Amino acid sequence: MNEIYKKAIEFERKGFEFYKEIAEKMNQPLAKRLFESLAEQEKEHIRFIEEIYEKGNFEIGLTELKQINNMEEDIKKVYFEMDEEKRKAPLDHIEGYKLAMELEKKGYEMYKDFAKNSIGTEKEFFETLMEQEKQHFESLNNVYRYLSESEIWYSEEESKVWNWMNM
């Protein structure tokens, strides 16, 4: 197996295991769902990367990869299903957020390097993964800041991006 694909699969597998483990430990419902969603998406990334490597066809994997739900929509759904008390439940496992954000930054940079050294649909595939890692980081950052620094979060740009949390 090509080294790039081995590295990508190993990275996504570590992310999946990390997010799955931390989701099991989370008590805060919004955060729990965020980490469950991240684990699901990392699992999907593994499947796409393996499929592309086996079939050698980036078109198939790229089309499916682009159809992965936007993380914000998933979190938004959970947010509106919760009552105010659950939304404001104390933040737990703070270190997990920080580690997760670092993981997503590393993924973004890794896929950026892969894209830089690729062409055509392979390049587009890695750019799509790069964009999804960026969305993961933004989701983590928004939920973390909403739960830990609500007053600051409301006053800054993030609250304008995920303005549905401004209730």
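Here's what I pulled together on the structure shown here.

About the criteria used
- Residues numbered from 1 in each chain as written.
- Predicted model: local features only at pLDDT ≥ 70, side-chain atom pairs only at ≥ 80, totals over all residues.
- Heavy atoms only, no water.
- Helix = DSSP H or I, 4+ residues; strand = E, 2+ residues; numbered from the N terminus.
- Buried < 20%, exposed > 50% of the residue type's maximum accessible area, 1.4 Å probe, protein only.
- Contact = heavy atoms within 4.5 Å.
- Areas by Shrake-Rupley, 256 points an atom, 1.4 Å probe, with all protein chains shown as cover.
- Expected span 1.5 Å × (residues − 1).
- Salt bridge = Lys/Arg side-chain N within 4 Å of Asp/Glu carboxyl O.
- Lys, Arg positive; Asp, Glu negative; His and termini not counted.
- Axes fitted to C-alpha atoms, helices over the stretch in contact; angles between N-to-C directions.
- Parallel < 35°, antiparallel > 145°, perpendicular 65-115°, else oblique.
- Left-handed = near helix turned anticlockwise from the far one by under 90°.

A short note on the overall build of the protein
Move 1: When you go through the protein residue by residue, the secondary structure sums to nine helices and zero strands.
Move 2: Reading the helices (α) and strands (β) of the protein from amino to carboxyl end gives α-α-α-α-α-α-α-α-α.
Move 3: Residues classed as buried in the protein amount to 47% of the 167 residues present.
Move 4: Residue pairs at least 24 apart in sequence account for 73% of intrachain contacts in the protein once pairs closer than 6 positions are excluded.
Move 5: For the protein, the exposed area adds up to about 9000 Å²; of that, 49% sits on carbon and sulfur atoms.

Looking at helix α6 (residues 94-116)
Move 1: Between its terminal C-alpha atoms α6 stretches 34 Å, which fits the 33 Å expected from 23 residues at 1.5 Å a residue.
Move 2: Three or more residues of α6 are buried, namely G96, Y97, A100, M101, L103, E104, G107, M110, Y111, F114 and A115.
Move 3: Next to the buried residues of α6 lie α1 (3-25), α2 (29-55) and α7 (120-148).

Describing the pattern of salt bridges
A side chain of one charge can pair with a side chain of the opposite charge if their charged atoms are brought near each other.
Move 1: As enumerated under the stated definition, the model contains nine salt bridges in all.
Move 2: Taking the shortest distance from any N to any O, the salt bridge between E21 and K25 comes out at 3.1 Å. Taken as a pair, E21 and K25 lie in helix α1 at a separation of four residues, close to a single helical turn.
Move 3: Overall, the relative accessible area of 43% leaves K25 in the partly exposed class.
Move 4: A salt bridge links E102 to K105; the shortest N-O distance between them is 3.4 Å. One end of the pair, E102, and the other, K105, are both in helix α6, three residues apart, so they sit about a helical turn from each other.

Thoughts on the side chain of R33
Move 1: Counting through the fold element by element, R33 comes out in helix α2.
Move 2: You can call R33 buried: its relative accessible area is 17%.

Some remarks on the side chain of E42
Move 1: Relative to the assigned elements, E42 resides in helix α2.
Move 2: No salt bridge is formed by the buried E42. Its closest oppositely charged neighbour is R13, at 11 Å.
Move 3: If we ignore the near neighbours within four places in the chain, the residues touching E42 are E12, G15, F16, Y19, E104, E133 and H136.

Comments concerning the packing of α1 against α7
For any two helices packed against each other, one specifies the crossing angle of their axes together with the interaxial distance.
Move 1: As a packed pair, α1 and α7 sit with axes 14 Å apart at the nearest point and diverge in direction by 20 degrees. With respect to α7, the element α1 is oriented roughly parallel. Remark: the crossing between α1 and α7 carries left-handed chirality. Of the residues in α7, those touching α1 at I4, Y5, F11, E12 and Y19 are E122, F126, E133 and L140.

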